[in-house]
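Now for the letters of each chain:
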Amino acid sequence: MLEQQINGQYVAPVMREIARTGTSAEYAYSHTGYTVTSLMALFNRELIQHDHRIRLIDFLQTSGYGISIISGQDESFGDIALNTGMTKEGVNYFDARTAIEDRVFPSKDSGSLRLSEERVVEQFQKRFSELDLKTPQFMYLNFQAAHFPYSHPNMQKRLIKEFIPRSEIVPENRDRVAASYWNAISNADWAVGQVVDTLKKNNLYDQTTLVILGDHGESLFEDGFLGHGHAINEAQTHIPLVFNDSNLEIREAIGQVDVAEMAIRSAFELPNQWLKPDKTVFQLVGTLSLPTLIGHVKYGGGRITFDFRSEQAYLSELKQWKTLQELLADKNQKDGITHLISEWETLKWHEYDFRERNRKHSFEKK
């Protein structure tokens, strides 16, 4: 995203400048390639519903922060708001259902509701004017520009002359699809610029930890897919992660479960070093109980991906598939595949245990 150009123009000049003066994590990843599970990982700091870690919003409230949620999507979709604490008492909450008459598409379906970047910025500026800046503040902004079909009737054509019509979004028109997608990114970049300008005009930019990341990537037919959540690969899971803090050292793969701690450490001016190049980020297609694919990716982009349907694993460094039996018999590969399957089994067990304890508790209450 930071290097992409359309017609000789960078698509994200604002975010490029933030990265230049701050820190950009070169190898940051979505765990699942889906919005719901990605936001749960970001706010709850783990991949499953579990009571093992303190949720970000709970920690911030306990620490005396005012909390504002401003989202261009319906955060009740997939129970995101409920499961992350966005709608807890004391949280100032606004999303696409709150302003349903301002939606950019006719549908009122939860998964389709969307606000323009301009509307989200308008709400941000309104909320900003109401804040008690003597109290530390946390704000979550969700810009939806880069979601299918990568445009809406009122979106600005910042880099292109025409949007590709939905009916023409087919593999044969991949370049036009990509152009519309990157134009959408430029609209999100504009919105980030409005936030930055507001902070700078109020002399708050240098007192604010600003974190920008994606919930997932997007295949634009370059790997045979359109969209996300279908595969474990660079297009669908490699995400931008940019901080305006230049004091971070990042030489390991970063998953969304890591981001809350990084942000808090930045805000509290604590040591912020992430220097384990062998660390792996777990990735998943499907559910933990019935996955299609699981994978590990590490710093540098090296991957191992296991396909439950064929019981084979793809090793990106070797650019080949191998059977599970072959990997377990290979002393150079055995540890990698064993570590991957072990992490999946542990996560699956914790999820099952949490659900069973909740089910039992519910039964006893009744």
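Remember, predicted model here, so these are calculated numbers, not experimental data.

Draft legend 1. Looking closely at the pattern of salt bridges. Tallied over the entire structure, the rule returns 19 salt bridges. A salt bridge links E168 to R176, with the nearest nitrogen and oxygen atoms 2.9 Å apart. Residue E168 is classed as partly exposed on the basis of its relative accessible area of 32%. According to the relative accessible area criterion, R176 is partly exposed, its value standing at 38%. Measuring nitrogen to oxygen at the nearest pair gives 3.0 Å for the salt bridge that ties E261 to R265. In this pair, E261 and R265 both sit in helix α8 (residues 256-267), 4 residues apart, roughly one turn of the helix. For R265, a relative accessible area of 26% puts it in the partly exposed group. Residues joined by salt bridges that share partners form a network here, namely R55, D58 and K88.

Draft legend 2. Structural detail: the sheet that holds strand β3 (residues 23-24). In space, the 3 strands of this open sheet follow the order β3-β12-β8, with antiparallel pairing throughout. In this open sheet, the two edge strands, each paired with only one partner strand, are β3 and β8 (211-213). Both β3 and strand β12 (residues 241-243) contribute to a ladder of 2 bridges, which runs antiparallel. Across the sheet, residue S24 finds its bridge partner in β12, namely V242.

Parameters and conventions
Every chain begins its residue count from 1, and numbering advances along the sequence as written. The model is predicted, so local features are restricted to residues of pLDDT at least 70 and side-chain atom pairs to those at 80 or more, both for listing and for counting; the totals for chains, interfaces and linings are taken over all residues. Hydrogens and waters are ignored; side-chain quantities use all the structure's heavy atoms. Salt bridge, as used here: a side-chain nitrogen of Lys or Arg that lies within 4 Å of a carboxyl oxygen of Asp or Glu. Relative accessibility thresholds used throughout: buried, under 20% of the residue-type maximum; exposed, over 50%; partly exposed, between the two (1.4 Å probe, protein chains only). For helices the rule is a DSSP run of H or I covering at least 4 residues; for strands it is a run of E covering at least 2, with both sets numbered from the N terminus onward. Two strands form a pair only when DSSP identifies at least two bridges running between them.

Note that every value here comes from positions in space, so none of it alone points to a role or purpose.
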